Amino acid sequence: MKTIIYTEYGNPEVLKVQEMLKPYPKDGEVLIKVQAVSVNFGDLIARRFRYVSAKDFNMPFLIWIFAKLSFGLKSPRIKILGNSFAGTIEQTGSDVRNFRVGDDVFGYTGEKMGAYSEYLCVSEKGLLAHKPTNTSYEEASTIPYGSLIALCLLKKVNIEREQKVLVFGASGGIGSAVVQLAKNHFGAEVTGVCSTERVDYVKKLGAGNVIDYKREEFSKNGETYDHIIDILGKGYNSSYKTLLNRKGTYLFVSFKAKNLLQMLWTKISGQKKVICALVSPHAKDLQFIKELVEEDKIRTVIDRVFKIDQAPEAHRHAESAARKGDVVIKLTREA
Ligand SMILES: NC(=O)c1ccc[n+]([C@@H]2O[C@H](COP(=O)([O-])OP(=O)(O)OC[C@H]3O[C@@H](n4cnc5c(N)ncnc54)[C@H](OP(=O)(O)O)[C@@H]3O)[C@@H](O)[C@H]2O)c1
C-alpha cells in the first residue's frame with residue numbers, strides 16, 4: 001500500500017510516498033481503505049515539532065513536554081500523519097459487531113495519527129461512525145477533527161438560543177465547526193473573527209457578522225457577548241470582563257498555565273467565568289455529528305483536494321494565506 005511517511009521533522013518536503021505492507025485487523029478492529037484524509041493543525045505542527053518551542057505551543061509547558069516526548073524529540077516516533085479520515089471497510093477482525101465489509105465510514109485517530117495511508121486499522125470502538133449519506137469521502141474526511149473538538153468544548157459553556165457568541169479564530173479547523181454548531185445547533189447569534197483572506201469563508205459558514213482582525217479591533221466596537229470562544233488565545237486582553245454580558249464565559253481552546261489560574265480564581269470569586277478545557281471525544285459524539293451533517297447543520301467548504309503524491313503541496317497550501325477552507329488529500333490511486 002502507498003503511505004505518506006516522514007522520518008525527519010521539517011518543511012513540507014519531508015513528506016514522502018513509500019510502499020508499505022498492508023496492515024491486518026486484529027480482534028475488534030476493522031481494516032479501512034482510506035479514500036480521503038484532511039490536513040489539519042495537528043498534521044502541520046507534528047511535521048515540524050522539533051522546531052516548535054514551548055512559547056509557540058499554545059498549551060501549558062507540561063503538556064508541551066509530554067507532547068515532545070510522545071511525538072519524538074529529534075525525529076518523529078509516529079511516522080504517518082493524518083487523523084481525520086473517510087473510507088470504506090475492507091476487512092473486519094473477529095468480534096466486530098457494528099461495521100461490515102463495504103460500509104462507508106469516517107473517523108478520527110487523534111494523536112495516534114496514521115491516516116495518511118491507503119489502509120488503516122482501527123478499533124470498532126474508537127472514534128468511528130458510518131459516513132454521513134449526504135457527503136463525499138473528501139467532505140466527510142474534513143468533519144471529525146474540528147466538529148468533535150468543537151462539540152465537546154461547546155458542552156462546557158451552556159449556550160442558549162439567541163445568545164451572542166464570538167468565535168476568535170473562526171476560520172480554522174475547530175473555529176469553523178464552532179461557528180456552525182453555535183449557530184445551527186445551539187441557535188446562537190454568531191460573530192466570527194478571522195483574517196482578511198478568510199472573511200468570505202467565515203460568512204459562507206453562516207456567521208451573522210465577521211470581523212477582520214487585521215483591520216478592526218473586535219474589543220473596541222462596543223459590542224458585548226454571552227460567550228467568547230478563543231481558539232488560539234489571540235483575542236484575550238485583560239479587559240475581557242467588559243466584553244462579556246452578565247454570567248458570560250470566556251472559553252480558551254488553547255491556554256497557558258496562567259489561564260488555568262484565572263479559571264480557578266473566577267470559579268471561587270463568582271466572577272464572569274474563564275474556562276480552559278481539554279476534551280476527549282467519544283464515539284457517540286461522532287454519531288451525533290453524523291446526524292447533524294445529515295440535517296445540514298454542519299457543512300464543509302473544501303478549498304483544494306490534492307493527490308497522494310502531492311502531500312508537500314497540500315501542506316504548503318494549508319499553511320499559506322491562500323487557504324480558504326478545508327484541504328484534503330485523496331488517497332485512492334486513481335485520483
Ligand atoms: N482544548 C482542546 O481539547 C484542544 C483540542 C485540540 C486542539 N486544541 C488546540 O486548538 C488549536 C488549533 O485549533 P485549529 O485546529 O482550529 O487551528 P487552525 O486551523 O490553525 O486555526 C487557527 C485559527 O486562529 C486564527 N489565527 C491564526 N493566527 C492568528 C493571529 N495572529 N491573530 C488572530 N487569529 C489568528 C486563524 O485565522 P486566520 O487563518 O484567518 O488568520 C484561524 O481561524 C491548537 O492550539 C491546539 O492546541 C485544543
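Residues numbered from 1 in each chain as written. Predicted model: local features only at pLDDT ≥ 70, side-chain atom pairs only at ≥ 80, totals over all residues. Heavy atoms only, no water.

Peer 1: Outline the site of the ligand, listing residues and values.
Peer 2: Around the ligand, a shell composed of 25 residues is seen, among which Tyr-145, Ser-195, Arg-198, Tyr-213 and Ser-254 lie nearest. One of the backbone nitrogen or oxygen atoms of Ile-174 is found 2.9 Å away from an oxygen atom of the ligand. Backbone polar atom of Val-253 to a nitrogen atom of the ligand: 2.9 Å apart, as the coordinates give it. About the coverage of the ligand: the protein hides 80% of its 940 Å² of free accessible area. If you list the elements that add at least two residues to the shell around the ligand, you get α4 (143-154) and α5 (173-185). Taken together, the residues of the shell around the ligand sort by class into 15 nonpolar, eight polar and two charged. (Near = heavy atom within 4 Å. Polar contact = N/O pair within 3.5 Å; in protein donor to acceptor, adjacent residues only side chain to side chain. Areas by Shrake-Rupley, 256 points an atom, 1.4 Å probe, with all protein chains shown as cover. Helix = DSSP H or I, 4+ residues; strand = E, 2+ residues; numbered from the N terminus. Nonpolar A, V, L, I, M, F, W, Y, C, P; charged D, E, K, R; others polar.)

Peer 1: Explain the packing of aromatic side chains to me, and be specific about the residues and the numbers.
Peer 2: Tallied over the entire structure, the rule returns twelve aromatic pairs. Ring centres of Tyr-240 and Tyr-250 lie 5.7 Å apart, and the angle between their planes is 75°; on these two criteria the pair is classed as edge-to-face. Placement of Tyr-240 in the loop between β11 (225-230) and β12 (244-252) and of Tyr-250 in strand β12 is noted, with a sequence separation of ten residues between them. Every member of this aromatic cluster is reached through a ring pair, and the members are Tyr-236, Tyr-240, Tyr-250 and Phe-252. We note Lys-164 situated over the ring of Tyr-225; from NZ or CZ to the ring centre the distance is 5.9 Å. (Phe/Tyr/Trp six-rings, centres within 6.5 Å; stacked < 30°, edge-to-face > 60°. Lys NZ or Arg CZ within 6 Å of the ring centre and 35° of its normal.)

Peer 1: Requested: an account of the layout of surface pockets, with residues and values cited.
Peer 2: By volume, the second largest pocket is sized at about 290 Å³. Per-element accounting of the lining of the second largest pocket gives the leading share, four residues, to β12. For the lining of the second largest pocket, the residue count by class is two nonpolar, eight polar and eight charged. (1 Å grid on protein atoms, 1.4 Å probe; cavity = no way out; pocket = protein on both sides within 12 Å on 5 of 7 lines; lining within 4 Å. Points joined across faces, edges and corners; volume = space filled by probe spheres on them.)

Peer 1: Account for the pairing of strand β9 (residues 189-194), with residues named and values stated.
Peer 2: Residues in a regular strand point their side chains to alternate faces of the sheet. In terms of residue burial, β9 counts as a mostly covered element, since five of its six residues are buried. Looking at chain direction, strand β8 (residues 164-168) and β9 are connected through five bridges and run parallel. In the strand pairing of β9, Val-165 is matched with Val-190. Running through α5, the crossover from β8 to the neighbouring parallel element β9 is right-handed. Of the crossover connections in this fold, the one passing from β9 over helix α6 (residues 199-205) to the parallel strand β10 (residues 209-212) is right-handed. (Buried < 20%, exposed > 50% of the residue type's maximum accessible area, 1.4 Å probe, protein only. Pairing = 2+ DSSP bridges. Right-handed = clockwise from strand over helix to strand, strands pointing away.)

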